[in-house]
Amino acid sequence: MLHLRGQTVGSVALFLANVIAIGSGITAPLDGPTGIVRPIVLPPFDPSAAVCKRPSGLQRVLAFAQDNQREFMQGVARGLALAAKDRGLMFEIAQADNDAAKMIEQIKGFRDAKVGAVVVSPVDTPSIARHLQELIWSGAYVGTVVPPPATSLLNAPQYLTGKVLADEAADFINTRLSGRARVVLFTHDSLQFLAPRFTAMRDVFRKMPGVVIVADISPLTVDEAGGAAMMKTVLLANPDIDVVLGADTVVLGALSALREAGKTRPDQFLGGIDGEPLAVTEIRSGGPYKASVSLASPIFSYAMGQHAADWLEGKNIPQAMDILPRALTLQNLDAYERDVADPGAVYRDPQKRNVYLRMYGNICFDTRDQYINFPWSSERK
Amino acid sequence: MPISPRFVVNFTVLLLSVGFLVLFGIIGMTVWLGERAQIYFDEASSLRDLRIAAVELRSALQSAESSERGFLIGGNEIYLAPYDSAKAHIDDSLARVQQLLAVSARDALLTRLSNIISDKITEMDRTIALRTEFKENEALTEFSSNRGKALMDEANVFLSSIVRNADERLTAGIAEQRRNALWLRLLSTLGGLVIVTVVGGVIFTLFRYTGEISRARDEVRSVNLTLEQRVNDRTTALMRARDRAEILLSEVNHRVANSLALVASLVHLQSNCLNDRAAKEVLNATEARIHAVASVHKRLYASGNTSVVDLDEYLSSLLQNMEAALRSEGHGASLRYELEPVKLKTDSSVNLGVIVTEWVTNAFKYAYPTGSGEVRVKLKRLADGQSELVVEDDGIGRTAGPAKGSGLGTRIVSAMARTIGAEIDYFSRNPGTGARLSFPSTGES
């Protein structure tokens, strides 16, 4: 599942509880197909699959039901707008401002207006699921950023996310620290679904005999203050730290604690997840902050917009899609920002597109009863 | 290049000094490493105690947490059985950790660790109390807050750090001990090699020096042998040359003696052909003189020594011949002689023989004109290397009147005496006359 920012941790936790509830079958009575509710492993997307009928009676409109205006979701909106423009769709945005009821009303409005394609970043999944299903039953394209139900669901591989960051750190340790390092892992105990990230990090470092994980601990609060406080505690026990990994906000806090203690060095590796602007600024400065794993929201949302247009034209689209994590470093930061600035170019170039996106399963208007209705992950075995 | 004794001494002293320095270095290093090993042993002992205390503290915390979790899930108080003893163990272990870490002056760490453990125990006590009071939901809420896990994780950060730090220091200590042992082995081996090399160098130098001395001695011996051989050869050659010379000299003397004998015989033959008595006497005197000279040569080639003549033997032979010759001429005197062994140079002996011949001939001819009498010849050695020859008779003595003979004999005697550095003394006896010749002899008898 996609990692959301620190300021929405509470709502994400609530959202996950709802996802689990859906997966357990605790849902309201249905008037249409339930979709695929039992977890399955989707095959790779087949772009040459047979063409379906076009949905009838729907507007060529692409709407975005946005939970809030954080930067990540602003990127989603920008990608969707660009795709709509490129495909001749009208584009609308409905801001829910983290209000689940408001979002439900917005979804209802889209359904009533016979909007052909809706992308949702849900505020409260259980409460909105039924309304999303109704949209699906109406023949509309429904794309969700992470939770089901959706005709096309977007997720991020958490294990891979953690692995990408840990691999960057491992490369640094091998090339700059002669394979020896004291590592601090700042986990995120309050979000269970993020656990694979840290599993991946532990798996990477387990293969490095010179690496010692001196702290594998969750800050009390997953923000800069929590990261700084926990880093001070860690420094009490371990004054010399080589690597710190975690969420960007937490690692930025750890960086400030290291600076306060006079323990920063150019040959340290601090790396986070989320591509936070402050983290990017630190990377550009060439200091200890070396990498941040980012999920390119304009790129996946541009693809979702394209899929929405394809859906309305009766084409097959992927049932699910991974946005692949990219480690932003001083070396690739400019290229990454160029890609994010022009997601259409990335989508049109299959080679580049495969760097960012991986697509699974096939679905179209005729087979819309096979929509995903379980918490899908490409990492499920 | 040969090595000098000074070089041998200096080089040996230098090598032995190096050897001793290396030996002292090895001993010093061994002592130092022993000290380091003792320090490491003390530190390792302390670190081991600290590590054990930290591990036991973590184990006790985990035991207490397991007990608490078991009770929270099942509500069965049997799970709480180890809880109190685990808490007691936590207190003991924490106290030991504090005591052992106090020397490291890590107060902030100890304070933080104590607070975390205190909070953890409080959290466990609270949840157990809630569960005991059947407030399961409140206990579950407390449990779900993850506060307990966070405290445990935090405690683990510290305890792991203590254990890891102890392990790292122990590992570093072991590594140092290994390095030290390796250095000791290496330096001992190198030192041993140096000492062996030094001893080898000394032995080599001494062997070389001894060898050179031995070779020099052999060379000297060889040279000596050659020299001795050369001396022997030379001596042999000289002896041969001397023998040849002596043979030649004897031959010459023999020839001279023969020639003189031949001349004397010719003079004698000539004398026999003469009727004139005076002429005959002159020739006889000459013959006697030649005999005297020839007699010396005969002596010389008959004896082994040509440089000196045994005067007693020479005079004895000369006088016998003279007596026989004079008596054959009709002189009635007899000759008696007493000759002590005296050696005289050959040339002087010839002169002395001529003088004796003159004097004895004169005594035979003039001392006893009427008949027989005795002529005595005495040869004596005197003190101070002088010898004395005396010819005396008991005849008529030297009377006034015209001199008998030509006077040649007297001149010959005087000339001969001067030649050999002798002094002549004529003296009268009553009756008779005596003539004494004092001359330097060789002093040998």
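All figures in this text were calculated on a predicted structure; none of them were measured in a lab.

Draft legend 1. Molecular detail of the overall build of chain B. Each helix and strand counted, chain B has nine helices and seven strands in total. In chain B, the share of contacts with a sequence separation of at least 24, taken over all contacts with a separation of at least 6, comes to 75%.

Draft legend 2. Looking closely at the side chain of Glu65(B). Residues and elements named next belong to chain B. Tracing the chain through its elements places Glu 65 in helix α1 (residues 5-74). For Glu 65, a relative accessible area of 14% corresponds to the buried category. Excluding residues within four positions of it along the chain, Glu 65 makes contact with Lys 120, Met 124, Gly 148 and Met 152.

Draft legend 3. Region of interest: the sheet that holds strand β9 (residues 269-273) of chain A. Residues and elements named next belong to chain A. Read from one edge to the other, the open sheet built from six strands follows the order β7-β6-β8-β9-β10-β12, with strand pairing classed as mixed. Because the sheet does not close on itself, it has two edges, and the strands there are β7 (211-217) and β12 (326-328). Between one strand and the next, the sheet's axes are offset by a mean angle of 20°, whatever the strand orientation. Pairing of strand β8 (residues 243-247) with β9, which is carried by five bridges, proceeds in the parallel orientation. Opposite Leu 245, over in β9, you have Gly 271 as the bridge partner.

Draft legend 4. Spatial organisation of the interface of chain A and chain B. Each side of the interface is counted separately: chain A has 15 residues, and chain B has 15 residues. For the pair chain A and chain B, the summed buried area comes to about 1200 Å², and 56% of that belongs to carbon and sulfur atoms. Looking only at chain A, the three residues that lose the most surface to chain B are Asp189(A), Leu236(A) and Ala237(A), adding up to 38% of its buried area. The interface formed by chain A and chain B contains two salt bridges.

Draft legend 5. Up close: the sheet that holds strand β4 (residues 374-381) of chain B. All names here are of chain B. The mixed open sheet is built from five strands, whose spatial order is β2-β4-β5-β7-β6. The open sheet has two edge strands with one neighbour each: β2 (334-339) and β6 (423-428). Put simply, the sheet's adjacent strands are angled 15° from each other on average, direction ignored. As defined by bridge partners, β2 adjoins β4 across six bridges and the pair is classed as parallel. Each bridged residue has a counterpart across the sheet, and for Glu 338 the counterpart in β4 is Lys 378. Relative to strand β5 (residues 386-393), helix α8 (residues 346-367) is tilted by about 15°, and along the sheet it contacts β2, β4, β5, β6 and β7 (433-440).

Draft legend 6. Seen up close, the packing of aromatic side chains. Enumeration over the complete set of coordinates arrives at nine aromatic pairs over all chains. Judged by centre distance (5.3 Å) and plane angle (10°), the ring pair of Phe7(B) and Phe11(B) falls under stacked. On the criterion of helical spacing, the pair formed by Phe7(B) and Phe11(B) is a turn pair, its members being four residues apart in helix α1. The aromatic ring of Tyr356(A) is capped on one face by Arg326(A), whose charged end is 5.0 Å from the ring centroid. The ring of Tyr347(A) carries Arg353(A) above its face, with NZ or CZ at 5.0 Å from the centroid.

Draft legend 7. Fine view of the pattern of salt bridges. Residue and element names in this part refer to chain B. Applying the stated criterion across every chain, the model contains 53 salt bridges over all chains. Asp 167 is the partner of Arg 51 in a salt bridge, and the nearest nitrogen-oxygen pair spans 2.3 Å. With Arg 51 in helix α1 and Asp 167 in helix α5 (residues 147-273), this residue pair connects regions lying 116 residues apart in the sequence. Residue class for Asp 167 comes out partly exposed when judged on its relative accessible area of 26%. Within this structure, Arg 336, Glu 338, Glu 374, Arg 376, Lys 378, Glu 392, Asp 394 and Arg 429 form a network of salt bridges that share partners.

Draft legend 8. Main features of the packing of α1(B) against α5(B). All names here are of chain B. In the contact formed by α1 and α5, the axes pass within 7 Å of each other and the chain directions differ by 165°. Taken together, the axes of α1 and α5 are roughly antiparallel relative to one another. The way α1 lies across α5 gives a crossing that is left-handed. Taken together, the residues that form the contact of α1 with α5 break down as 37 nonpolar, 15 polar and 10 charged.

Draft legend 9. How the structure looks around the nonpolar core. Membership of the largest hydrophobic core comes to 124 residues, with the highest contact counts inside it found for Ile107(A), Phe186(A), Met231(A), Val244(A) and Phe300(A). Apart from the residues within four sequence positions on either side, Val244(A) is in contact with Val184(A), Phe186(A), Met231(A), Val251(A), Ala254(A), Leu258(A), Phe269(A), Leu270(A) and Gly271(A). Ranked by size, the runner-up nonpolar core spans 38 residues in total, among them Leu300(B), Leu318(B), Trp359(B) and Ile420(B).

Draft legend 10. Structural view of the state of the cysteines. All names here are of chain A. Evaluated as defined, the whole model comprises one disulfide over all chains. Covalently, Cys 52 is tied to Cys 364 through a disulfide, its sulfur atoms 1.6 Å apart. Because the sign of the S-S torsion sets the handedness, a value of about -60° for the bond joining Cys 52 and Cys 364 places this disulfide among the left-handed ones. Of this pair, Cys 52 sits in the loop between α1 (9-23) and β1 (59-66) while Cys 364 sits in the segment after β13 (357-360), and the two are 312 residues apart along the sequence. Residue classification places Cys 52 among the buried residues on the basis of a relative accessible area of 14%. On the basis of relative accessible area, Cys 364 is assigned to the buried category, the value being 2%.

Draft legend 11. Structural detail: a nonpolar patch on the surface. There is a patch of nonpolar side chains on the surface, built from Leu16(B), Phe20(B), Leu23(B), Phe24(B), Ile27(B) and Val31(B) and spanning about 570 Å² of accessible area. Taking the relative accessible area as the measure of exposure, Val31(B) reaches 51% and is therefore exposed.

The rules behind the values
Residues numbered from 1 in each chain as written. Chains lettered and ligands numbered in written order. Predicted model: local features only at pLDDT ≥ 70, side-chain atom pairs only at ≥ 80, totals over all residues. Heavy atoms only, no water. Helix = DSSP H or I, 4+ residues; strand = E, 2+ residues; numbered from the N terminus. Contact = heavy atoms within 4.5 Å. Buried < 20%, exposed > 50% of the residue type's maximum accessible area, 1.4 Å probe, protein only. Pairing = 2+ DSSP bridges. Axes fitted to C-alpha atoms, helices over the stretch in contact; angles between N-to-C directions. Buried area = accessible area lost by both parts, 1.4 Å probe. Salt bridge = Lys/Arg side-chain N within 4 Å of Asp/Glu carboxyl O. Phe/Tyr/Trp six-rings, centres within 6.5 Å; stacked < 30°, edge-to-face > 60°. Lys NZ or Arg CZ within 6 Å of the ring centre and 35° of its normal. Parallel < 35°, antiparallel > 145°, perpendicular 65-115°, else oblique. Left-handed = near helix turned anticlockwise from the far one by under 90°. Nonpolar A, V, L, I, M, F, W, Y, C, P; charged D, E, K, R; others polar. Core = buried A, V, L, I, M, F, W, Y, C linked by side-chain atoms within 4.5 Å. Disulfide = S-S within 2.5 Å. Patch = residues over 30% accessible without salt bridge, like charges linked within 9 Å, V, L, I, M, F, W, Y side chains within 5 Å. Areas by Shrake-Rupley, 256 points an atom, 1.4 Å probe, with all protein chains shown as cover.

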